[in-house]
Amino acid sequence: MEVVGKPVTTQASAASRRQKKTPEKSTGNKDCKAEIAFLLDGSNNIGQRRFNLQKNFVAKVALMLGIGTEGPHVGVVQASELPKTEFFLKNFTSPKDVVFAVKELGFRGGNSNIGKAIRHTSQSFFTPSNGVRKGIPKVMVVFIDGWPSDNIEEAGIIAREFGINVFIVSVAPPAPEELGMVQDVAFIDKAVCKNNSFFSFHMQNWFGTAKYAKPLVQKLCTHELLYCSKTCYNSVNIAFLIDGSSSVGDQNFRLMLEFISNIVRSFEVSDVGAKVAAVQFTYDQRLEFGLNDYTSKDDVLRAIYNIRYMSGGTATGDAFNFVVRNVFQPTKDGHNKNFLVLITDGQSYDDVRGPAIAAQRAGVTVYSVGVAWAPLEDLKDMASEPKNSHTFFTREFPGLEQIVPSIIRGICRDYLDSQK
């Protein structure tokens, strides 16, 4: 990414008056890589005094994030009658410069059209030309003093379609006697990605807000919980191809099922989210459940637990053909990206390379996981490119547990790469 020292010439904000950028020696907090847009409430609801307190709070959060070239990047949009981008992600990568730019923002006034601001930010802020980096979570932190003047449900849907994690920071929520003036009292739930209290943050007023800065920063840096629409956690189809041959044994088979369950637990399974299927194979194949059979994570985990060990020979090539034909082809018109995780403990009696290549040509990304006597050469023949990051091996079945995080991160990496 090109780090630009000057704000773009189209910017007329107060922050753009600072032409020189402080040299940034620190690379920033590498554990908190995120593209963050702060949507400040600049409406008449907040007023000039509280607007200044809001700026002080945002500056404090920005300092705590660890902004830097290889850490989080920050930009600001002011929401009022019409939204205004104050500065982009690429304009400043030094904490001092970001704080200066925030402190220089001028109060705009007007209605609190938060919906317009969310839509504007979703559609025009998070672009490569404005500094968005490849494969980095996109986050929008929306400050609302009171309640919005417009409807933000549709804007929240647009943000999710762009893969943006929306956080709502509500300050001074409407009192009971004010609820009649609010278009939709459930506006927070409808704007955020998921109503689980993670994406919403409440402060009673703008005074004494310092104690809220650290908890908000921790949320913004907890990347494994950022799973809005079109992110890897809920836009993938994952099929597990499970070796049920005699060499595995019942106890080790249970360890394989635990390995699969631990992967599934990280994804957001729903009728519009991630989908999971499982096929067990020996010489024959058995579809344990398909991608559309279960629409909740609990149901999928229960189905995995109930899989019964078959025992028999090992025909992995035939199993590949079976999965493509019976699991992925029926959903080939869907929007989710297809992944196949193979777990086997030995050598196949049939050819594996041809069927695996055919699966990859059909749009399936293959992870091969071998245990015990599984030949490394065969595992690599079956895995997608690059082979080293899609091939895993452990000598004993308990070692599968250590592979789980790598599979999850790999699926997310492949998903994000496919979106660029």
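Criteria and thresholds
Residues numbered from 1 in each chain as written. Predicted model: local features only at pLDDT ≥ 70, side-chain atom pairs only at ≥ 80, totals over all residues. Heavy atoms only, no water. Phe/Tyr/Trp six-rings, centres within 6.5 Å; stacked < 30°, edge-to-face > 60°. Buried < 20%, exposed > 50% of the residue type's maximum accessible area, 1.4 Å probe, protein only. Helix = DSSP H or I, 4+ residues; strand = E, 2+ residues; numbered from the N terminus. Pairing = 2+ DSSP bridges. Right-handed = clockwise from strand over helix to strand, strands pointing away. Axes fitted to C-alpha atoms, helices over the stretch in contact; angles between N-to-C directions. Parallel < 35°, antiparallel > 145°, perpendicular 65-115°, else oblique. Left-handed = near helix turned anticlockwise from the far one by under 90°. Contact = heavy atoms within 4.5 Å. Nonpolar A, V, L, I, M, F, W, Y, C, P; charged D, E, K, R; others polar. Disulfide = S-S within 2.5 Å. Salt bridge = Lys/Arg side-chain N within 4 Å of Asp/Glu carboxyl O.

- Looking at an unreviewed UniProt entry, one finds the protein chain named VWFA domain-containing protein, with Eleutherodactylus coqui as its source organism.

### Focus on the packing of aromatic side chains
Thinking step 1. Within the structure shown, the criterion is met by 16 aromatic pairs.
Thinking step 2. Considering the side-chain rings of Phe87 and Phe92, the 5.3 Å spacing of their centres and the 70° angle between planes classify their relative orientation as edge-to-face.
Thinking step 3. Taking the relative accessible area as the measure of exposure, Phe87 reaches 1% and is therefore buried.
Thinking step 4. What makes Phe92 buried here is its relative accessible area of 2%.
Thinking step 5. Centre to centre, the rings of Phe253 and Tyr309 are 5.1 Å apart; their planes meet at 35°, and the pair counts as tilted. With Phe253 in helix 7 (residues 250–264) and Tyr309 in the loop between helix 8 (297–305) and helix 9 (316–328), this residue pair connects regions lying 56 residues apart in the sequence.

### Structural notes on the pairing of strand 1 (residues 35–41)
Thinking step 1. A large share of strand 1 lies buried, amounting to seven of its seven residues.
Thinking step 2. Side chains Glu35, Ala37, Leu39 and Asp41 of strand 1 all project onto a buried face; the interleaved residues Ile36, Phe38 and Leu40 project onto the opposite face, where all are buried too.
Thinking step 3. Bridge analysis of strand 1 against strand 2 (residues 73–79) gives seven bridges, and the strand direction is parallel. Paired with Glu35 across the bridge in strand 2 is His73.
Thinking step 4. For the segment spanning strand 1, helix 1 (residues 47–65) and strand 2, crossover handedness is right-handed.

### Observations regarding the packing of helix 3 (residues 114–124) against helix 4 (residues 153–161)
Each pair of packed helices can be described by the angle between their axes along with the distance between the axes.
Thinking step 1. The N-to-C vectors of helix 3 and helix 4 enclose an angle of 15°; their axes lie 8 Å apart at closest approach. With respect to their mutual orientation, helix 3 and helix 4 come out roughly parallel. The handedness of the crossing between helix 3 and helix 4 is left-handed. Where helix 3 approaches helix 4, its residues Gly115, Ile118, Arg119, Ser122 and Gln123 are matched on the opposing element by Glu154, Ala155, Gly156, Ile158 and Ala159.
Thinking step 2. When its residues are assigned to classes, the contact of helix 3 with helix 4 shows four nonpolar, four polar and two charged.

### Observations regarding the state of the cysteines
Thinking step 1. For the structure on display, the rule yields one disulfide.
Thinking step 2. Between the sulfur of Cys32 and that of Cys221 lies a disulfide, 1.9 Å long from S to S. The sign of the S-S torsion, about -75°, decides the handedness of the disulfide formed by Cys32 and Cys221: left-handed. Of this pair, Cys32 sits in the segment before strand 1 while Cys221 sits in the loop between helix 6 (210–220) and strand 7 (236–243), and the two are 189 residues apart along the sequence.

### Here we look at the pairing of strand 9 (residues 285–289)
Thinking step 1. Two elements, strand 8 (residues 275–281) and strand 9, share four bridges in a ladder whose sense is antiparallel. Looking at the pairing, Val279 lines up with Leu287 of strand 9.
Thinking step 2. Connecting strand 8 to the antiparallel partner strand 9 that follows it, the hairpin turn spans three residues.

### Overview of the pattern of salt bridges
Thinking step 1. Under the definition given, this model contains nine salt bridges.
Thinking step 2. Note that Arg133 is salt-bridged to Glu35, the shortest N-O span being 3.0 Å. Here Arg133 is found in the loop between helix 3 and strand 4 (138–145), whereas its partner Glu35 is found in strand 1, with 98 residues between them in sequence. With respect to class, Arg133 is no different from Glu35; both count as buried.
Thinking step 3. The closest approach of N and O atoms between Glu258 and Arg265, which form a salt bridge, is 3.8 Å.

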